[in-house]
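Topology and contacts: notes
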Amino acid sequence: MFEFISEKLGKAMSFFSGKGLLTEADVDAGLRELRMSLLEADVALPAIKHLLGIVRERAVGEAVLKGVNPGQQIVKIVYDALLELLGSETKLELKGAAPQVILLCGLQGGGKTTTAGKLAKWLMDTRIHGRKQTVMLASLDVYRPAAIEQLGILAEKVGALGFESDSDKVPVRAKAALAAAKKQGADVLILDTAGRTVVDAELMDELADVHALAKPSATLLVADGQVGQSAVEVAQAFHARVPLTGLVLTRMDGDMRGGAALSMRHITGVPILFLGLGEKLEAFEVFRPEGMAGRILGQGDVVALVQKVQAATQGEDSAKLEQKLLSGQALDMNDLKKQFAMMKRLGGMAGLLDLMPGMGSMKDKIAGQVDDKMIARQIAVVDSMTPEERRKPMILNGKRRLRIAKGAGVTVQDVNKLVKMHEQMNQMAKMMRGGGLQKLLGRMR
Ligand SMILES: Nc1nc2c(ncn2[C@@H]2O[C@H](COP(=O)(O)OP(=O)(O)O)[C@@H](O)[C@H]2O)c(=O)[nH]1
Ligand SMILES: [Mg+2]
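What this report covers is the structure whose coordinates are included nearby. Here, residues in each chain are numbered from 1, in the same order as that chain's written sequence. Chains carry letters and ligands carry numbers; both start at the beginning, A for chains and 1 for ligands, and go up in the order they are written. Per-residue local features are limited, in this predicted model, to residues with pLDDT of at least 70; the limit for side-chain atom pairs, both in listing and counting, is 80 or more; totals at the level of whole chains, interfaces and linings are taken over all residues. Derived side-chain values reflect all non-hydrogen atoms in the structure, with water molecules and hydrogen atoms excluded from consideration.

**With respect to the nonpolar core**
Using the following cut-off: Think of a nonpolar core as a cluster: buried Ala, Val, Leu, Ile, Met, Phe, Trp, Tyr and Cys residues, connected wherever their side-chain atoms sit within 4.5 Å. Exposed residues in this analysis have more than 50% of their type's maximum accessible area, buried residues have under 20%, and partly exposed residues fall in between, with area computed by a 1.4 Å probe over protein chains only. The helix count covers DSSP runs of H or I at least four residues long, the strand count covers runs of E at least two residues long, and both are numbered beginning at the N terminus. Annotation comment: domain bounds sourced from an automatic or database domain assignment.
One finds I5, L38, L191, F238, L262, M264 and M292 to be the most contacted residues of the largest nonpolar core, which totals 76 residues. When residues of this core are assigned to their parent elements, the largest contribution, eight residues, is made by helix α4 (residues 70-86). Here this core spans two domains, since at least three of its residues come from each of domain 1 (3-86) and domain 2 (100-300). Membership of the second largest hydrophobic core comes to 26 residues, among which are I102, A160, I190 and L281.

**With respect to the sheet that holds strand β4 (residues 218-224)**
Selection rule: Between any two strands, pairing holds if DSSP finds at least two bridges. Between N-to-C directions, angles span 0 to 180 degrees; the directions come from axes that are lines fitted to C-alpha atoms, helices contributing only their stretch in contact. Between two residues, a contact is recorded if the distance between any of their heavy atoms is within 4.5 Å.
Overall, mixed pairing links the seven strands, which are arranged β2-β3-β1-β4-β5-β6-β7 in an open sheet. Taken across any chain shown, the strands that pair with only one partner, and hence form the sheet edges, are β2 (135-139) and β7 (284-286). The average angle at which neighbouring strand axes cross in this sheet is 20°, direction not considered. One ladder, built from three bridges, connects strand β6 (residues 272-276) with β7; its direction is antiparallel. Across the sheet, residue G276 finds its bridge partner in β7, namely F284. Lying on the sheet, helix α6 (residues 145-158) is in contact with β2 and β3 (188-192); it crosses β2 at an angle near 165°. Of the strands in this sheet, β1 (100-105), β2 and β3 touch helix α7 (residues 170-183), which is tilted by about 165° from β2.

**Section: the environment of L244**
By the secondary structure assignment, L244 is in the loop between α9 (229-241) and β5 (246-250). On the accessibility criterion, L244 (8% relative accessible area) is buried. When the C-alpha atoms of L244 and L221 are compared, they prove to be 6.7 Å apart, with 23 residues separating the residues in sequence. Among residues more than four places away in sequence, those in contact with L244 are C105, T219, L221, A235, F238, H239 and V270.

**A look at the packing of helix α8 (residues 201-214) against α9**
How two helices sit against one another is set out by the angle between their axes and by the gap between those axes. Rules: Orientation labels follow simple angle bins: below 35 degrees gives roughly parallel, above 145 gives roughly antiparallel, 65 to 115 gives roughly perpendicular, and whatever is left gives oblique. Left-handed is the label given to a crossing in which the near helix is rotated counterclockwise from the far helix by less than a right angle, and right-handed is the label when the rotation is clockwise. Under the convention adopted here, Pro, Cys and the residues Ala, Val, Leu, Ile, Met, Phe, Trp and Tyr are nonpolar, Asp, Glu, Lys and Arg are charged, and Gly plus all remaining residues are polar.
At a minimum axis distance of 10 Å, the contact between α8 and α9 shows a crossing angle of 45°. Relative to α9, α8 is oriented oblique. The two elements α8 and α9 cross, and the hand of that crossing is right-handed. Along its contact with α8, which presents A201, L203, M204, D205, L207 and A208, the element α9 presents A237, F238 and R241. Among the residues forming the contact of α8 with α9, the class breakdown is seven nonpolar, no polar and two charged.

**Focus on the pairing of β5**
Within β5, five of the five residues are buried, which leaves the element mostly enclosed by the surrounding structure. Covered by surrounding structure in β5 are G246, V248 and T250 together with L247 and L249, the residues of both alternating faces. Where β4 lies against β5, five bridges are found, and the strand directions are parallel. Within β5, the position partnered with V222 by the bridge is V248. By the bridge criterion, three bridges tie β5 to β6 in an arrangement that is parallel. For L249, the partnering residue across the bridge sits in β6 and is L275.

**Let's talk about the site of ligand 1**
For clarity, the threshold we go by: Throughout, the term near means that a residue has one or more heavy atoms lying within 4 Å of the molecule or strand in question. In protein, a polar contact means a hydrogen-donor-capable atom and an acceptor-capable atom, both N or O and within 3.5 Å, with residues adjacent in sequence counting only if both atoms are side-chain atoms; elsewhere, any N or O pair within 3.5 Å suffices. In this description, accessible areas are obtained by the Shrake-Rupley approach with a 1.4 Å probe, and a residue is regarded as covered only by the protein chains that are shown.
The local shell around ligand 1 holds 18 residues, among which G109, K112, T114, R251 and D253 are the closest. Contacts to ligand 1 include G109, whose backbone N or O atom sits 2.7 Å from an oxygen atom. Burial of ligand 1 by the surrounding chains reaches 82%, relative to a free accessible area of 580 Å². Counting residues per element, the shell around ligand 1 draws most heavily on helix α5 (residues 112-125), at four residues. Its residues assigned to classes, the shell around ligand 1 shows two nonpolar, 10 polar and six charged.

**Notes on unusual backbone geometry**
If a residue is not glycine, its phi is most likely negative; likewise, a peptide bond is most likely trans. Cis geometry is adopted by the peptide bond preceding P99, which originates at A98 and carries an omega value of -5°. Located in the positive-phi region is D42, a residue other than glycine, with phi close to 70°. Unlike most non-glycine residues, R251 shows phi in positive territory, near 60°. Along the chain, the position of R251 falls in the loop between β5 and α10 (259-268).

**A word on the pattern of salt bridges**
It is possible for side chains of opposite charge to pair when their charged atoms get near one another. To be explicit about the condition: Here a salt bridge means any side-chain nitrogen of Lys or Arg lying within 4 Å of a carboxyl oxygen belonging to Asp or Glu.
Counted by the stated rule, this structure contains 12 salt bridges. A salt bridge links E388 to K392; the nearest nitrogen and oxygen atoms lie 3.4 Å apart. As a salt-bridge pair, E389 and R403 come within 2.9 Å of each other at their nearest N and O atoms. Separated by 14 residues along the polypeptide, E389 in helix α18 (residues 387-391) and R403 in helix α19 (residues 398-408) bring together distant segments of the chain. The partly exposed category is assigned to R403, whose relative accessible area is 37%. Taken together, the shared-partner salt bridges in this structure form one network comprising E24, D28 and R56.

**Observations regarding the environment of D192**
Secondary-structure assignment places D192 in strand β3. Residues within four places of D192 in sequence aside, it is in contact with L104, K112, T113, A138, S139, L140, D141 and L151. For D192, the side chain forms a polar contact with the side chain of T113, separated by 2.7 Å.

**As for the packing of aromatic side chains**
As a reminder of what qualifies: Under the pairing criterion, centres of Phe, Tyr and Trp rings, with the six-membered ring standing for Trp, must be within 6.5 Å; the plane angle then separates stacked pairs below 30 degrees from edge-to-face pairs above 60, leaving the rest tilted.
Per the stated rule, a full pass over the model turns up two aromatic pairs. When the ring of W122 is compared with that of F274, the centres are 4.9 Å apart and the planes differ by 75°; the resulting orientation is edge-to-face. Pair noted here: W122 is in helix α5 and F274 is in strand β6, with a separation of 152 residues, a long-range link. Relative to F284, the ring of F274 lies with its centre 4.9 Å away and its plane at 15°, an arrangement referred to as stacked. Of the two residues, F274 is situated in strand β6 and F284 in strand β7; the sequence distance between them amounts to 10 residues. Note on accessibility: F274 and F284 belong to one class, buried.

Encoded structure:
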């Protein structure tokens, strides 16, 4: 995420940090670099001007010229300016009588239907008003039966209420969905709408009708964050027709230029609420300006990292593991398997490295080694072991390893690697018991 803009900005920033003292001419030259990198990242011009205006004023005004470490000060100033550009964190507002309607709109292929599923899952996992939400997913995409089916499958997958209707009239379906949500006691009704490949008048009319009829408490535009400035134009066109209350930027997992993300809020005035970070239902995040600014400047996003780890490690398994660790018992292959399952839930190593401060550049090196497929293979190896072998990995001799390799469809080397990994896990566990978390962190550095 943000590799492109992050690299470009990094170069511009090194211009500042390379100097001991900054003259006003240095600041000007540095700002020119910054401007170039933002243009290349496809950030809209008004947004660039706004950002550079803030940076210039502070860089000159806040005595950076005389400062001892101008490079660092400039990073902080740019970070703050990015935050201002991105706007303050805004929560999804749901109030009033149930069912509260969330209307999703946007171009075809932008990720509306996927987002409907992700949002339903998020609403159900997040205790809003202190209790679990009941969510209904209803499709108004009458032009593509496959899209209706797609949403039905998602509803089932996340455990949300589905919606069925014979009607192919959008207003009729919308009314029926409202009635069904009410009847079935849904707190939230998410309406997924049809998209076109370009903004067209008919589509907008239809959307405006649904908006008037359903009176949504939130109208969210789902926009592809990869497409740069044109996403901003699309957002403006929609906002002119139905008042948007929030934006969801999808495909933020790609190696994108980042321009849309930086310009959207400033140009439309509509806050970014969520980010889509992949095709999976878990690849969804509440938007936090600090996180994005940090990622763009290569500083990582520690808060998102902690939240992700917490979400994935919640539950019985990790409690048991912790108990085992504390009591000094050796960890067996079953524990290792649980660790792999946890990693899978975390969305693999690459997604995590993105969030770690200073690890962005490590990503490419490590991502190839620890991917989802590899995790699945490791789990298969453990699955090929007998219960006894899992409990007592020390009995794994050559013959057993060969059998396991065959069973899992991997090489003996793969099995050896896993056994080695298990040994390392126990060594690490020992260190942690000895109060060695600090030591461990030291080693990692
Ligand atoms: N990489 C990535 N793909 C996404 C994301 N959101 C949606 N997609 C994919 O984009 C395609 C279109 O999504 P869909 O939800 O059907 O778009 P819709 O036409 O707006 O309803 C599908 O293949 C999705 O899996 C995202 O955040 N990241
Ligand atoms: Mg769709």
